[in-house]
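Architecture at a glance
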Amino acid sequence: MYRHWLKINIRYRRLIFLLATTVLLVATAVIGFMYFEELSFFNALWMTIVSIMTIGYGDIYPTTEEGRWFALILVPLGAGIVTYGLGMGASYFIEQHLSEKVWVKRMEKQISNLSEHIVICGFGRVAQQVYKQLRDDEEDVPLIVIHDNEEDLKEALEPHVLRIIGDPTDKETLRKARVDHAQALITALSSDADNVFITLTAKSLNEDITIAARAEKDGSEDILTKAGATSVINPSIIGGRELAMSIIKPTGTVYINDLIRSEEKEFMVGEIDLNQDESIIGSTIDDADLRKEFDITLVAILRKGELISNPDLDEQLQAGDKLIVIGNQEKIEAFTINKNKGYKPQ
């Protein structure tokens, strides 16, 4: 990034130098021809331009000895500046073209080796929020964005982020994104029909892929679920509920939103899988005392497809359980690490 900025800065300074030198040379030449040849401003400017550009129409030319000596100095200087400007322009064009081709080739190579990545289809307002959340929370998971407008991606994505310019509903485009090797796909287009089609296509390429789909109409949730979407989110419904709750219970709603949206990640929802060989298996929630030991709160257990909300303290933890916890990100990560290192409840 620094090298890129440095190149831009150097090129900018060269351009400023070229423009300033050109203006100074033209101004000096116009004044010189007006003085030595007693020409009007326009005729002096005309003679200056045809001299610098080495055109030589022959309609106006120096007639005095002083004017000819002045032209002898002006023409080489003007030709040098013009040559330098053309060279800089050609260099910029070639460098830009080559660097872009190298960047595209490098990105295509990275995409061809992708696996266990997340695919984002579309890049509207909802998808941009999806990208920001994944970028902040899943830093180690490769992301690839599919969108049909290259300018949108240039403005919103960092240069290193993988992207494919194309139609996300096209099967070949999804193949290029290696959906068959991806762990998850998020389809966030504004059209429910497009999201259904993408879901069906992705499932045909990868039966095990996890798909989160956006829905706009009330009846689309069931259709997307039947098409293979793992989860379906309706931003309009969620937004409407939040607006209503901000009036009915403003304090609690504002508090929860502030915690969730905090960039410092003081509060987040975590999912922790319990394996067979972990020492915490068989302990009750009371014995595990996650609040005291790790400063996190257990809010639910997903067990064999059934969600146990607000479980009792005497509930025993079992292998295969997925613990839904809330708390500081570092605390959640600390528990995730320590449960694999023989953590034993008191």
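Look a little higher up for the structure.
Being a predicted model, the structure only gives us computed values, none of them experimental.

Turning our eyes to something else, we now look at the pattern of salt bridges. All chains considered together, the criterion is met by 9 salt bridges. With its nearest N and O atoms 2.8 Å apart, the salt bridge here joins Arg214 to Glu216. Looking at Glu216, the relative accessible area reads 28%, which means it is partly exposed. Three or more residues are tied together by salt bridges with common partners; here these are Glu271, Asp273 and Lys322.

The subject of this paragraph is helix 13 (residues 329-338). Among the residues of helix 13, those classed as buried are Gln329, Ile332 and Phe335. Projected down its long axis, helix 13 shows its buried positions confined to an angular sector of 130°, all on one face. The elements touched by buried residues of helix 13 are strand 7 (268-273), helix 12 (290-294), strand 8 (296-303) and strand 10 (322-327).

Taking strand neighbours across the sheet as the criterion, the 4 strands line up as 7-10-8-9 in an open arrangement whose pairing is antiparallel. Each of the sheet's edge strands pairs with one partner strand only, and the pair in question is strand 7 and strand 9 (306-309). Taken over all neighbouring pairs, the strand axes of this sheet differ in orientation by 25° on average, direction set aside. As judged from the 4 bridges shared by strand 8 and strand 9, these two strands associate in the antiparallel manner. By the bridge assignment, Arg303 is partnered in strand 9 with Glu306. Contacts between helix 13 and the sheet are confined to strand 7, strand 8 and strand 10, with strand 7 contributing the most and set at about 5° to the helix.

Cut-off values and rules
Each chain carries its own residue numbering, running from 1 in the written order of its sequence. Reporting in this predicted model follows two pLDDT cut-offs: at least 70 for local features of residues, and 80 or more for side-chain atom pairs to be given and counted; totals over whole chains, interfaces and linings ignore these cut-offs and use all residues. Values reported for side chains reflect all heavy atoms of the structure, with hydrogen atoms and water molecules removed beforehand. A side-chain nitrogen of Lys or Arg and a carboxyl oxygen of Asp or Glu constitute a salt bridge if their distance falls within 4 Å. To sort residues, take the accessible area from a 1.4 Å probe on protein chains only and compare it with the maximum for the residue type: under 20% means buried, over 50% means exposed, and anything in between is partly exposed. For the purposes of this entry, the term helix denotes a DSSP run of H or I that reaches at least four residues, the term strand denotes a run of E that reaches at least two, and both are numbered from the N terminus. The directions considered for the arc run from the helix axis to the C-beta atoms. In this analysis, two residues are considered to be in contact whenever any of their non-hydrogen atoms come within 4.5 Å of each other. Pairing between strands is defined by DSSP: at least two bridges between them are needed. Every axis in this analysis is a line fitted to C-alpha atoms, fitted for helices over the stretch in contact. Angles between the N-to-C directions lie between 0 and 180 degrees.

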